[in-house]
Each structure stands twice: as structure tokens, then as C-alpha cells.
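Each chain, written out:
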Amino acid sequence: MAARVTTYAAQKGGVGKSTILIQSCFIARLKLNARVLLIDVDPQCNSSGVMLDEGQLEQNHSTVASMLYSDDISITPLKGKYGIDVIPGDDGINAFPQDLTDGAFSELLSRIDSIGQDSANHVIQEVVDNQLIAFARNVDSLRDQYDYIFIDVPPSFLGLPLISSLCAATDVVGLLEPTKFSSDVVSGFIDKVSSIKENYNPEMIFHGFIVNKFRGTSKRHKERVLEWQKELGDNLIADPIKVNSWIEDRTEDGEPVFQGIKNSHQRSGCVSLLNAIIEVFPEFEESKS
């Protein structure tokens, strides 16, 4: 069976996308002995830095995520922690879109001068569409080799990485932090995901939102979650994940949170995180044992 391709997405940074994605990789690999691939299209390369050592990142030039935006590629993922395969992020992802790098941009400008604004917009859209199609096709070509593919993305719909990942994903989960900044973008997020599903990826399943970094002692956090429960209904798919700095620390160290639990506080935090992930992957239920 072809791999599920999952993206945890948000329109603001710092909500814990990489943390939840990396821990999902650990569950699939260590608890289910699954074949797992992590694709990092975030130019900051946070998840790449966790899964690979510095030598792999510095010496590798033939396996990088920006290659996935080109046609006719041959790519061999790197072997990361616990046997998880990785296609690391790179600066080339910032060259948006790829066909507009080097002399191609000057050529496009000359075409725009002669064809007018409306036609120019069509040309640019065609270039972008080609990149989205290439990325989705290349990710799809990897699916038979894995059970799970996770794509780590930057927090913006303005660039190619997040949009292309949504075009390739079979499963999408939105992440929210109970702050006004997250609340302001909820409806826009749903609209953009729906548009991508309609125009590019009709097979994509949007599971809904998970609230992360919830402080149970915060009146404002409680009010925000109650507001979302009324507004989003079934689109809020799990109990909020509580703030746990040790989970972030363990993730940065490249270690699964379900190993080496030392006290009830850590156990509670681990269960909170796992319960949310299990809402997307019911087969991960055994990871709690």
C-alpha cells in the first residue's frame, strides 16, 4: 500500500509543527517498525537538523528538497536517526519559483513587457503550476517505498513550500496556538486549504485543527479554546496539547518523548501529545503502551 503523505500546517510560526511531525515519525518508526520518510521543505531546516548529523548536512549536495521541484530527477534519501529516511531542506527552496532562477527571470520579464499584464499573470501562474505538479509527482513516486511520508513546511501560504506540500499530501492537519494571532487566520486557512483541494489535490483529506501549547491555568487560553469549539465544531479534532518544554527539549535532542519518562508530569505531557496524534493516526494507539 502506498504511503500516507502528511503535512502539519499553520499560518504562524512557533506553534510546534516540527515537534509534532518529528514525534509522529518516531512513533511510526519505533512503535510500528514502519518505513518512514521525512521531507523538509522548510528553508530553516529544523527537522533536518534533528534527524541528521552536521556532517551529513554539510557534505550532502545531491539529496536536497529543492530537487523535488524539478522534472526527471533521481534522488536517494539520506539515512537519519532510528533508520528514518530524510530529504533535507536547503537554501534552494527559497528560489521561488525554480524556473525563475538565473537567466530565466530576465527572460520572463522581457516576455511580460511584450504580452501585457493579464498574459504575464498567466505565464507566472503556469510556471508556479509546473513546480506544484513536479513536486506532487515526485513525492508520489516515493510513496510505494514507504508506509508514512511526513513533510515539514514553513508557516506561510505566500511561498511555494507549503502550497506544494498541500498539493502532494494525502492528509493535512492544521495547528493552532490559543492566541489572537492564530485566531485571526483560522477562516483564511480553511479557505486556502479548500482551494488547493479543489484546484490541485481532490484526494487530500483535511482532518481539522489541533490546539498546541495550551496553558490550563490561563483564562484567556480556556476562552479561546471554547470559542474555537463553538466556531469549528468537529474541525477541532483533539483535546488541546498542554505546554511542555521538556517535549520540545527531547525533540530538539532527536529523542522520542515516549521513551525515558521520569515522572507523572512527563507521562501526562506525553499522553496529551500522543492522544492528539492518534486522532490522525488511529493505528498509533499502541504507542501509548
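Let me sum up the structure you'll find in this document. (Residues numbered from 1 in each chain as written. Predicted model: local features only at pLDDT ≥ 70, side-chain atom pairs only at ≥ 80, totals over all residues. Heavy atoms only, no water.)

Description of the overall build of the protein chain
Logical step 1: Each helix and strand in the protein chain was counted, giving 11 helices and seven strands.
Logical step 2: Within the protein chain, the fraction of its 289 residues that count as buried is 51%.
Logical step 3: Of the roughly 13700 Å² of accessible surface on the protein chain, a fraction of 47% belongs to carbon and sulfur atoms. (Helix = DSSP H or I, 4+ residues; strand = E, 2+ residues; numbered from the N terminus. Buried < 20%, exposed > 50% of the residue type's maximum accessible area, 1.4 Å probe, protein only. Areas by Shrake-Rupley, 256 points an atom, 1.4 Å probe, with all protein chains shown as cover.)

Considerations on the nonpolar core
Logical step 1: Of all hydrophobic cores here, the largest spans 41 residues; its most connected members are I39, V41, I87, F135, I149, I151 and L166.
Logical step 2: Sorting elements by how many residues they give to this core places helix α6 (residues 160–168) first, with five residues.
Logical step 3: Excluding its chain neighbours within four sequence positions, the residues that come into contact with F135 are V41, L68, Y69, I151, S164, S165 and A168.
Logical step 4: Counting residues in each nonpolar core, the second largest holds 40 residues, with V15, V36, M51 and I277 among its members. (Core = buried A, V, L, I, M, F, W, Y, C linked by side-chain atoms within 4.5 Å. Contact = heavy atoms within 4.5 Å.)

Re the layout of surface pockets
Logical step 1: Taken as a whole, the largest pocket holds about 470 Å³ of empty space.
Logical step 2: Taken together, 25 residues line the largest pocket, and the ones lying closest to its centre are G14, G16, K17, S18 and T19.
Logical step 3: Elements that contribute at least two residues to the lining of the largest pocket include exactly α1 (17–31), α2 (46–51) and α10 (245–252).
Logical step 4: Split into classes, the residues belonging to the lining of the largest pocket amount to nine nonpolar, 10 polar and six charged.
Logical step 5: Of the volumes computed, that of the second largest pocket is approximately 230 Å³.
Logical step 6: Every residue lining the second largest pocket is counted, 17 residues in all, and those nearest its centre are A136, C167, A168, Y200 and N201. (1 Å grid on protein atoms, 1.4 Å probe; cavity = no way out; pocket = protein on both sides within 12 Å on 5 of 7 lines; lining within 4 Å. Points joined across faces, edges and corners; volume = space filled by probe spheres on them. Nonpolar A, V, L, I, M, F, W, Y, C, P; charged D, E, K, R; others polar.)

With respect to the packing of aromatic side chains
Logical step 1: On inspection of all chains with the given rule, the structure shows 10 aromatic pairs.
Logical step 2: Pairing F281 with F284 gives two aromatic rings, centres 4.7 Å apart and planes at 15 degrees, and the pair type is stacked.
Logical step 3: Note on F284: relative accessible area 0%, which makes it buried.
Logical step 4: The structure contains a cluster of three or more aromatic residues connected by ring pairs, namely Y148, F150, F281 and F284. (Phe/Tyr/Trp six-rings, centres within 6.5 Å; stacked < 30°, edge-to-face > 60°.)

Structural notes on the pattern of salt bridges
Logical step 1: Within this structure, the stated rule accounts for eight salt bridges.
Logical step 2: Between E177 and K12 there is a salt bridge; the shortest N-O distance is 3.3 Å. Taken as a pair, E177 in the loop between β6 (171–176) and α7 (180–183) and K12 in the loop between β1 (4–9) and α1 lie far apart in primary sequence, 165 residues in all.
Logical step 3: Accessibility expressed as a relative area gives 16% for E177, which makes it buried.
Logical step 4: Its salt-bridge partner being R143, residue D140 comes within 3.4 Å of it at the nearest N-O pair.
Logical step 5: Residue D140 is classed as partly exposed on the basis of its relative accessible area of 45%.
Logical step 6: Three or more residues joined by partner-sharing salt bridges are found here, namely R4, D171 and E283. (Salt bridge = Lys/Arg side-chain N within 4 Å of Asp/Glu carboxyl O.)

Digging into α6
Logical step 1: In terms of residue burial, α6 counts as a mostly covered element, since eight of its nine residues are buried.
Logical step 2: Those residues of α6 that fall on the buried side of the exposure criterion are L160, P161, L162, S164, S165, L166, C167 and A168.

Remarks on the sheet that holds strand β2 (residues 36–40)
Logical step 1: Spatially, seven strands are ordered β3-β4-β2-β5-β1-β6-β7 in an open sheet, and the strand pairing comes out mixed. Looking at strand neighbours, the two that pair on one side only are β3 (78–79) and β7 (205–211), the edges of this open sheet.
Logical step 2: Pairing of β6 with β7, which is carried by six bridges, proceeds in the parallel orientation. Bridge pairing links V172 to F206 in β7.
Logical step 3: Where helix α11 (residues 264–280) meets the sheet, it contacts β1, β6 and β7, and its direction lies at approximately 165 degrees from that of β7. (Pairing = 2+ DSSP bridges. Axes fitted to C-alpha atoms, helices over the stretch in contact; angles between N-to-C directions.)

Description of unusual backbone geometry
Logical step 1: Positive phi outside glycine occurs at N33, with the angle close to 55 degrees.
Logical step 2: Tracing the chain through its elements places N33 in the loop between α1 and β2.
Logical step 3: Residue classification places N33 among the exposed residues on the basis of a relative accessible area of 59%.
Logical step 4: One non-glycine residue, K213, lies in positive phi territory at about 60 degrees.
Logical step 5: Looking at where K213 falls in the secondary structure, it is placed in the loop between β7 and α9 (219–232).

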